[in-house]
Amino acid sequence: MPKGSLRGRITVPGDKSISHRALMIAAVAVGQSRISGLLEGVDVLRTAAALEALGAGISRGGNGRYQVDGVGVGGLTEAGQVLDLGNSGTGARLLMGLLATHPFTSFFTGDESLCRRPMARVAQPLSRMGAQILARSNFRLPLAVIGAPVPIPVIERLAVPSAQVKSAILFAGLNAPGETTVIEPEPTRDHTEILLRHFGVAIRIEESPEDGRFARAITLKGYPEITARDVVVPGDPSSAAFPLVAAILAQDSEVTVTNVGANPLRFGLYETLREMGAEISFANEGEAAGEKVVDITAKSSRLKGVVVPSERAPRMIDEYPILAVAAAFATGSTVMQGLSELRIKESDRLTAIAKGLTACGVAIEETEDGLIVHGTGRPPAGGATVKTHLDHRIGMSFLVLGTAAKNPVGVDDAGLIETSFPGFAELMNGIGAELGAPA
Ligand code: S3P
């Protein structure tokens, strides 16, 4: 069992959210875009394959370098095959948006996890834009998007804080006349807005006070000329979280992850870890394709439990599994609430985390929309094989728990880790962890 220290200076694979968006926007740009640092996880490769089937030219240069020959706004053509987005909610929802205003029919499917996830949140606004969505009960995949013959621009107010829904509507608005506006009462990751601007699209953002907060209205005008651009994708802060939290939990450790995307709307985990007492520092601030990047260093730290404000949830939505693992090592209780969205991610993450932590000897309460983890300030027992439920982040979080628990921790299926973090085990072992097949 690895109790030793973790040390090193590493990079993590490219940002998943930005990688999907870079491919999609480049596919409807005019000319050839070059993307470097693209995440070559299964999820993103599915998006690339779907865009190729829809007429975009995509060639791989190796090592995350890609060239995309765009077809221009509205220039995608009917695919001769079903678009299989694998495990990826982002791939499926954003592409549904892009295709909702292309006047042909597209068939979507995905793996068992994706076929369970709700698509009504995108299907409904896209229907108002003139698309027809034919789906089985509860708007789940497999489904067909019959693109609007006469697209209608809309003003949509998001019912759930979701960057995927926002992006789907904005992508649909690219091939609609007039102005399309999305109003978000709670800010969500703004990679779509940043990247569209990078490709020369005028995006108007207006903020207005509403119930003591600021609602953002994001507007674009249809049929813009999108010009091909180069994109350098930063490292994924959601992936960097795993080696950094592992360093915080292990003895005598210090790990730096360089060139990590530092979009403030993705950085809630690092705010929370600092509140818990983690030694985290930032250096070498820079910029890539309009996104802030930074090097992050984390050192072994003693953590204390905190109450995580629910308004922070959109800024750390994918990081609750690894935060719950950190909380299991903290002294005192960590309260996480306002998380009903976690029940409809790649798995029901609230239940998956609660069951996994219980199996590892951690006291945890699961509520309807949250978790309370009771840490003792000592490493948990571990010694369990945790079920991942086709969820890459559950898998990686519990493998990190195992690096510092009293007994080894296994996961029933590590295969899905490839969707977002190819080379996860090798990278962790390179800093001193001992992940591998059970003896
Ligand atoms: C994502 C948005 C979030 C996040 C997902 C990626 C994106 O989902 O959980 O992993 O790239 O827009 P929601 O939009 O459903 O909150």
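Given the structure is predicted, the values throughout are model-derived calculations rather than measurements.

Undergrad: Before we move on, can you summarise the nonpolar core with the specific residues and values?
TA: By size, the foremost hydrophobic cluster in this structure holds 76 residues, and its most contacted members are L273, L357 and F424. Among residues more than four places away in sequence, those in contact with L357 are A324, A328, V362, I364, V373, F398 and L401. Counting residues in each nonpolar core, the second largest holds 68 residues, with L23, L76, L158 and L220 among its members.

Undergrad: Now, about the environment of L134: what can you tell me, with residues and values included?
TA: Looking at where L134 falls in the secondary structure, it is placed in strand β7 (residues 132-135). Setting aside residues no more than four positions away along its own chain, L134 makes contact with L143, A144 and I146.

Undergrad: Residue-level account of unusual backbone geometry, with values.
TA: Omega for the peptide link from L141 to P142 comes to -5 degrees, which places this bond in the cis form. Note that P142 resides in the loop between β7 and β8 (143-146). A positive phi angle, near 60 degrees, is found at N138, a position not held by glycine. As for its position among the elements, N138 is in the loop between β7 and β8. By relative accessible area, which is 61% here, N138 ends up exposed. Residues other than glycine seldom take positive phi values, yet F139 does so here, at roughly 50 degrees. By secondary structure assignment, the location of F139 is in the loop between β7 and β8. For F139, a relative accessible area of 27% translates into the label partly exposed.

Undergrad: Talk me through the environment of Q251; I want residue IDs and the actual numbers.
TA: In this structure, Q251 sits in the loop between α7 (237-249) and β14 (254-261). Classification of Q251 as exposed rests on a relative accessible area of 56%. Along the sequence, Q251 and V400 sit 149 residues apart, while their C-alpha atoms lie 13 Å from each other.

The rules behind each value
Residues numbered from 1 in each chain as written. Predicted model: local features only at pLDDT ≥ 70, side-chain atom pairs only at ≥ 80, totals over all residues. Heavy atoms only, no water. Core = buried A, V, L, I, M, F, W, Y, C linked by side-chain atoms within 4.5 Å. Buried < 20%, exposed > 50% of the residue type's maximum accessible area, 1.4 Å probe, protein only. Contact = heavy atoms within 4.5 Å. Helix = DSSP H or I, 4+ residues; strand = E, 2+ residues; numbered from the N terminus.

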